[in-house]
Protein chains: 2
Amino acid sequence: MSQNKVAGPEIEQLIKLLAKLPGLGPRSARRAALHLIKKKDQLLVPLAEAMGVAVDRIGVCSTCGTVDTSDPCAICADPRRDQATLVVVEDVADLWALERAAAINARYHVLGGTLSPLDGIGPDDLNITGLVERCRVEAISEVILAINATVEGQTTAHYITDQLTGLDVSITRLAHGVPVGGELDYLDEGTLAQALKARTRF
Amino acid sequence: MSQNKVAGPEIEQLIKLLAKLPGLGPRSARRAALHLIKKKDQLLVPLAEAMGVAVDRIGVCSTCGTVDTSDPCAICADPRRDQATLVVVEDVADLWALERAAAINARYHVLGGTLSPLDGIGPDDLNITGLVERCRVEAISEVILAINATVEGQTTAHYITDQLTGLDVSITRLAHGVPVGGELDYLDEGTLAQALKARTRF
Ligand SMILES: [Zn+2]
Ligand SMILES: [Zn+2]
């Protein structure tokens, strides 16, 4: 019996790439590919277009580190945002979670991760000098550390506090409504809003 | 507090479409979108390209009903395949599972589902007349019903057997290596190969 190819190289390539998405394994990638091909006009065509738009137009904001179609991003450029408060998050997903909660009308700073010596992630791998620089040159009065309540997150929070020593900014963190060990992106919007409202001095 | 948009309309559109893939919900679609944007060159660009290729080149084989870049598909057009045997499957995913198992070197016929009166799926919604027609005009000597061992699958198998009455084809089904109630696409390749080898008269 010859070893038959399951599908042509074009379909195999589509499956291989879909399998690299978080949440999809090889089997679910096959199902997703088949679903896309079957729903060509309703799903495959618009998704291919949306990805093309993303390729052409979406980039990283050089001010805060989030992703958007403009640089500075819509949030950084919005004059109605409180210009004196920065909410520091690990990841864009956390920024999105806070925006969904509509919990605060400030601007953000995306670190791009947390300090993790075991994974070889040090201060230079995170957008921390950018944060210190912003606190120096912008009129920032408060930095809210909206960082995950994990060991790495808290280590990172302490490191940032050290780096901001001597600058005239008050540093706060989210209230302990956030479950210990929990990740922001998993929380419901009400919990996030409460934790932000009851934030305490760090 | 104003209701802030989480991200620009381009990113929202990407998330919305990704959430329609089987296996991805709204939350995992956001993660997938972010992953794609971060891995722009390694993942987003090639995936957008692969989808564009799929849009342009992949269609349904008018002979067997599978998806491929040519019509007839590579399997239907392959002269080295046993031309006298048709393997009837519910779905392209099942065809792919059998091809991965490299269990048989025959051609296929994709029904596109199973009879399911409760869901309003009758004989006209499946590619059954096409199967009868192929058995009439092609020199088919055996039809292997490689249909899921579910109630709907077995109902469909009986219906097809009735439709093929009077034609000179022997109808077989997969051996009872397939777990009762199980779906082909979940089985390992060895089980599939065994079940096919030990197929019995229907
Ligand atoms: Zn920005
Ligand atoms: Zn075909």
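For the structure, see preceding data.
Cut-offs applied
The residue numbering used here restarts from 1 in each chain and proceeds along that chain's sequence as written. Note on labels: chains are lettered from A, ligands numbered from 1, in written order. Local features in this predicted model are restricted to residues whose pLDDT is 70 or higher, and side-chain atom pairs enter the listing and the counts only when it is 80 or higher, whereas totals over whole chains, interfaces and linings include all residues. Each side-chain value is derived from all of the structure's non-hydrogen atoms; neither hydrogens nor water enter the calculation. Three exposure classes are used, based on accessible area relative to the maximum for each residue type with a 1.4 Å probe and protein chains only: buried under 20%, partly exposed in between, and exposed over 50%. The numbering of helices and of strands both runs from the N terminus, where a helix is a DSSP run of H or I of at least 4 residues and a strand a run of E of at least 2. Arc definition: directions from the helix axis to the C-beta atoms. Residue contacts are counted whenever heavy atoms from the two residues lie within 4.5 Å of one another. Copy-to-copy alignment: least squares on C-alpha atoms, limited to residues at pLDDT 70 or above in both. Here the term donor refers to an N, O or S atom within 2.8 Å of the metal (or 3.2 Å for Na, K and Ca), and because water is left out of the atoms, sites may appear incomplete. Any site counts as irregular unless it has four donors with all angles between 85 and 135 degrees, making it tetrahedral, or four or six donors with opposite ones more than 155 degrees apart and the rest between 65 and 115, making it square planar or octahedral.

**What about helix α1 (residues 9-18) of chain B?**
Turning to step 1, where the next piece is worked out: Among the residues of α1(B), E10(B), I11(B), L14(B), I15(B), L17(B) and L18(B) are the ones counted as buried. All buried residues of α1(B) lie within an arc of 170° about the axis, which places them on one face of the element.
Turning to step 2, where the next piece is worked out: Close packing links the buried residues of α1(B) with α3 (40-57), β2 (67-68) and α4 (92-101) of chain A together with α2 (26-38) of chain B.

**Describing the relation of the copies chain B and chain A**
Turning to step 1, where the next piece is worked out: Rotating chain B by 180° and translating it 0.0 Å along the rotation axis places it on chain A, where the RMSD comes to 0.1 Å. On this basis, the relationship between the two copies can be described by a two-fold rotation axis. Judged by C-alpha distance, A48(B) is the residue of chain B that lies nearest the rotation axis, at 2.7 Å.
Turning to step 2, where the next piece is worked out: The residues that chain B uses at the interface reappear at the interface of chain A in 100% of cases, marking a shared surface.

**Observations concerning the coordination of the zinc ion (ligand 1)**
Residue and element names in this part refer to chain A.
Turning to step 1, where the next piece is worked out: Listed as protein donors to the zinc ion (ligand 1) are C61 (SG), C64 (SG), C73 (SG) and C76 (SG); their distances from the metal cover 2.3 Å.
Turning to step 2, where the next piece is worked out: Classification of the site at the zinc ion (ligand 1) rests on its four donor atoms, whose angles at the metal span 104 to 116°, yielding the label tetrahedral.
Turning to step 3, where the next piece is worked out: Every donor residue of the zinc ion (ligand 1) comes from the same chain, spaced as C-x2-C-x8-C-x2-C. Here C61, found in the loop between β1 (59-60) and β2, pairs with C73, found in the loop between β2 and β3 (82-89); they are 12 residues apart in sequence, far enough to count as distant. Across this residue pair, the class does not change: C61 and C73 are buried.

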